[in-house]
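# Summary of structural features
One-letter residues, chain by chain:
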Amino acid sequence: MQIFTIANQKGGVGKTTTALNIADALRHTGYKTLFIDVDPQTNSTSSYRAEIDDTYTVYDLFKKECTADQAIQETEFGDIIAGDPNLSTIEMELQSQVGGYKVLKKALKKMKKTYDYAIVDTPPNLGIYMLNALIAADKVIVPIKAEKYAIDGLQRLIETIGDVQEEENPDLKVAGILLTTYDKRNELDRKLWDTLPEVGEAIGMPVFKNPIRISQDVKKAQDQVQSLFDAYPNSNAAFDYARVTKEILEEE
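Now for a quick tour of the structure. All values reported here derive from a predicted model rather than from experimental measurement. (Residues numbered from 1 in each chain as written. Predicted model: local features only at pLDDT ≥ 70, side-chain atom pairs only at ≥ 80, totals over all residues. Heavy atoms only, no water.)

### A look at the overall build of the protein
What the protein contains, in helices and strands, is twelve helices and seven strands. Taking 2.2 N^0.38 as the reference for a compact globule, 252 residues should give roughly 18 Å; the C-alpha atoms of the protein span a radius of gyration of 17 Å, in line with that estimate. Projecting the C-alpha coordinates of the protein onto the three principal axes gives extents of approximately 50 × 40 × 30 Å. Across the 252 residues that make up the protein, the buried fraction comes to 54%. The contacts in the protein between residues at least 6 apart in sequence include a share of 78% that link residues at least 24 apart. Surface exposure of the protein reaches about 12100 Å², of which carbon and sulfur atoms provide 45%. Between the mean site of the 29 positive side-chain charges and the mean site of the 40 negative ones, the protein shows a separation of 2 Å. (Helix = DSSP H or I, 4+ residues; strand = E, 2+ residues; numbered from the N terminus. Rg over C-alpha atoms; globule rule 2.2 N^0.38 Å. Buried < 20%, exposed > 50% of the residue type's maximum accessible area, 1.4 Å probe, protein only. Contact = heavy atoms within 4.5 Å. Areas by Shrake-Rupley, 256 points an atom, 1.4 Å probe, with all protein chains shown as cover. Lys, Arg positive; Asp, Glu negative; His and termini not counted. Charge placed at Lys NZ, Arg CZ, Asp CG, Glu CD.)

Structure, rendered in structure tokens:
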């Protein structure tokens, strides 16, 4: 099972949208895919229409009160280990534990159910849950938005990925920086897209060949709690996420 973590410590960059749609694209391509939500905000969990109450969630997984297999829910949207707002109550507890940063990695290694891919959605901070996701991952995808300080904001993440590679997960690779909500009519968007390959090379991060174009159909699908590929298969965003997913698969 290849594990992809979607990470950026900055919010509002399309991280959850990217995680959801890459997982969905993989599922529509025929790959058995597991989604893991380690963000206490649980937006991905809501999109999957997964349960949180009276069932095992990722909170129970981190508390070691269940196995990964026991926490998996089969939904219409796909298989998921649901997020849980209670994650925010045990951060200090996990940080003080020996091995608290490796809980997710160990839990996924013990899984008996077989998947081709796992996609991990993370919170917008470099805390215990993102570190767990990076330590467990084979590759990390970094979504960014065309904003003035988009590249500057990557520095801490680059340093964190480097620390994880050096100390805990030497095999971790960066799959690429992914520009989201790209609007070619916007000068800042065009400028960032034109310079991004050079910037990526300078900071040691590859860049995906194509951006994700801005599309109202993404918001519509989210508001309707539907799969983008089912509800709006001909949208720009569906085409772009399918293209990015194809690029991911070609790199395997």
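### Details of the packing of helix 7 (residues 128–136) against helix 8 (residues 155–167)
It is the contact of helix 7 with helix 8, at a shortest axis distance of 10 Å, that shows an interaxial angle of 50°. The angle between helix 7 and helix 8 places the two elements in the oblique class. As for how helix 7 packs across helix 8, the hand of that crossing is right-handed. Together, M130, L131, L134 and I135 of helix 7 and L157, T160, I161 and V164 of helix 8 make up the contact between the two elements. Of the residues contributing to the contact of helix 7 with helix 8, the split by class is seven nonpolar, one polar and no charged. (Axes fitted to C-alpha atoms, helices over the stretch in contact; angles between N-to-C directions. Parallel < 35°, antiparallel > 145°, perpendicular 65-115°, else oblique. Left-handed = near helix turned anticlockwise from the far one by under 90°. Nonpolar A, V, L, I, M, F, W, Y, C, P; charged D, E, K, R; others polar.)

### A short note on the layout of surface pockets
The space that makes up the largest pocket amounts to roughly 540 Å³. Element by element, the count of residues in the lining of the largest pocket is highest for helix 10 (residues 216–223), at four residues. Taken together, the residues of the lining of the largest pocket sort by class into six nonpolar, twelve polar and six charged. Of the volumes computed, that of the second largest pocket is approximately 260 Å³. Around the second largest pocket sit 14 residues that line it, and M1, I3, A136, A137 and D138 are the ones nearest its centre. Of all the secondary structure elements, the ones that give two or more residues to the lining of the second largest pocket are strand 1 (2–6), helix 6 (103–109) and helix 7. (1 Å grid on protein atoms, 1.4 Å probe; cavity = no way out; pocket = protein on both sides within 12 Å on 5 of 7 lines; lining within 4 Å. Points joined across faces, edges and corners; volume = space filled by probe spheres on them.)

### Observations regarding empty space enclosed by the protein
Counted by the stated rule, this structure contains two cavities of 30 Å³ or more. Taken as a whole, the largest cavity encloses approximately 100 Å³ of empty space. Together, L20, N21, S47, F77, V218, A221, Q222, V225, Q226, S227 and L228 line the largest cavity. For the lining of the largest cavity, the secondary structure elements donating two or more residues are helix 1 (15–28) and helix 10. Top element by residues in the lining of the largest cavity is helix 10. It accounts for three residues. Across the lining of the largest cavity, the residue classes break down as six nonpolar, five polar and no charged. By volume, the second largest cavity is sized at about 40 Å³. In this structure, the second largest cavity is lined by N8, K10, V13, I144, K145, E147, A150, G153 and L154. Among the residues making up the lining of the second largest cavity, the classes are represented as four nonpolar, two polar and three charged.

### As for the packing of helix 1 against helix 12 (residues 236–250)
Between helix 1 and helix 12, the least distance of the axes is 9 Å, while the angle of their chain directions is 70°. Taken together, helix 1 and helix 12 sit at an angle that is classed as roughly perpendicular. When the axes of helix 1 and helix 12 are compared, the crossing they make is right-handed. Only Y241, V244, T245, I248 and L249 of helix 12 make contact with helix 1, whose side of the interface consists of T17, T18, N21, I22, A25 and L26. Taken together, the residues of the contact of helix 1 with helix 12 sort by class into seven nonpolar, four polar and no charged.

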